[in-house]
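The chain contents come next:
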Amino acid sequence: MKAIGIDIGGTSIKGVVIDQSGRIAGETKQATDAAKGKDCILANVKDVIRQLLEQHPDSEGIGIGTAGRVNASTGEIVYATDNLPGWQGSNLKEEIESVFHRRVSVDNDANTALIGECWLGAGAGCSDVTMLTLGTGVGGANRIGGKIVRGAQWNGGEWGHVILVPNGRPCNCGQRGCIEQYISGTAFVQAAAEAASIHFPSGVEVLEAYEKGNPAVAAVLNEFIDDLTVVIHNIHLGINPQAILIGGGMVDSKSIWWGLLEERVKRQGLHISFRAAELGNQAGSIGAARMVWDARL
């Protein structure tokens with residue numbers, strides 16, 4: 001049997017069709033166009049699903065991972081920042097089931113990424129795992145005793161909005177000093193641009209400047225590593241998972257900075273097991289598809 005998995009991010013919507021053995025039978029991607037608001041985002045999600053169903057009409061269900069706090073029982077987005085304007089209050093389960101007439105499961109995108117990694121990636125074989133996704137924002141998810149811990153108000157694992165620096169940088173969630181404002185890919189690029197007085201289109205250009213020896217960018221990267229070390233240490237002390245998985249767009253460039261993180265953790269004498277996620281930007285869509293079968297259990 002096959003299932004469709006959809007991952008709705010701030011910049012793109014990724015979709016896969018996968019079977020129960022983990023074989024990907026099809027995939028597609030298109031821009032989220034988040035700035036155009038809820039109706040445009042929904043239309044783009046439906047387009048991605050439609051493309052996949054045309055190729056694989058035997059798909060039995062649809063799993064969706066999305067940014068925001070999600071009531072996984074009802075499919076409602078109970079909270080979302082302006083990364084996805086108008087998204088809060090949407091009920092994706094009802095909306096998608098009414099159009100495609102297949103069973104739909106919806107969860108937070110970090111939860112689906114962790115489900116994917118524990119199925120086919122770096123978390124395989126672990127019952128207790130925490131995941132951080134460093135991308136447009138910072139996503140987080142916890143798996144304890146083999147189950148995703150979503151919390152009483154569906155915000156379990158929201159590491160991105162835990163305060164790292166009291167009264168620090170303003171966050172679009174309304175707080176100041178959130179982790180997301182220091183170790184997301186977005187925050188990294190902004191901090192580098194400010195420090196070096198250079199416009200960087202993305203993190204790729206920032207890291208190119210680092211490799212060329214730009215001292216301002218080097219200082220920003222070292223501060224990023226320091227902050228990330230504090231975050232994973234706090235998770236280690238608070239939950240003590242078997243492993244902390246680090247995913248998201250920042251991990252695409254881990255060949256440049258991962259050694260710095262390993263050195264920093266070792267130098268501070270921290271006994272933390274942390275791993276790079278292995279499924280890349282497919283983790284969320286793979287995990288979303290897996291939810292279709294898990295929901296039958």
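Look up a bit, the structure's there.
All figures in this text were calculated on a predicted structure; none of them were measured in a lab.

Novice: Outline the environment of Thr136, listing residues and values.
Specialist: Position of Thr136 among the secondary structure elements: in the loop between β8 (129–134) and β9 (138–144). Taking the relative accessible area as the measure of exposure, Thr136 reaches 40% and is therefore partly exposed. Residues Thr136 and Glu117, spaced 19 residues apart in sequence, show a C-alpha to C-alpha distance of 20 Å. Thr136 has contacts with Thr11, Ser184 and Thr186, leaving out every residue within four places of it along the chain.

Novice: Lay out the nonpolar core in plain terms, naming residues and giving numbers.
Specialist: Phe224, Leu228, Ile232 and Leu261 are the most contacted members of the largest nonpolar core, which has 38 residues in total. At the level of secondary structure, the elements contributing two or more residues to this core comprise β8, α4 (180–183), α5 (185–196), α6 (203–211), α7 (215–239), β11 (243–247), α8 (254–267) and β12 (274–276). The biggest single contributor to this core is α7, with nine residues. The contact partners of Leu261, leaving out residues within four places of it in the chain, are Ile225, Leu228, Thr229, Ile232, Ile246 and Phe274.

Novice: A description of the packing of aromatic side chains should follow, citing residues and the corresponding values.
Specialist: In the structure shown here, the tally under the stated rule is five aromatic pairs. An angle of 75° between the planes, with centres 6.2 Å apart, marks the rings of Trp119 and Trp293 as edge-to-face. Of this pair, Trp119 sits in helix α3 (residues 109–120) while Trp293 sits in helix α9 (residues 283–294), and the two are 174 residues apart along the sequence. Using a relative accessible area of 16% as the deciding quantity, one classes Trp119 as buried.

Rules of the game
Residues numbered from 1 in each chain as written. Predicted model: local features only at pLDDT ≥ 70, side-chain atom pairs only at ≥ 80, totals over all residues. Heavy atoms only, no water. Helix = DSSP H or I, 4+ residues; strand = E, 2+ residues; numbered from the N terminus. Buried < 20%, exposed > 50% of the residue type's maximum accessible area, 1.4 Å probe, protein only. Contact = heavy atoms within 4.5 Å. Core = buried A, V, L, I, M, F, W, Y, C linked by side-chain atoms within 4.5 Å. Phe/Tyr/Trp six-rings, centres within 6.5 Å; stacked < 30°, edge-to-face > 60°.

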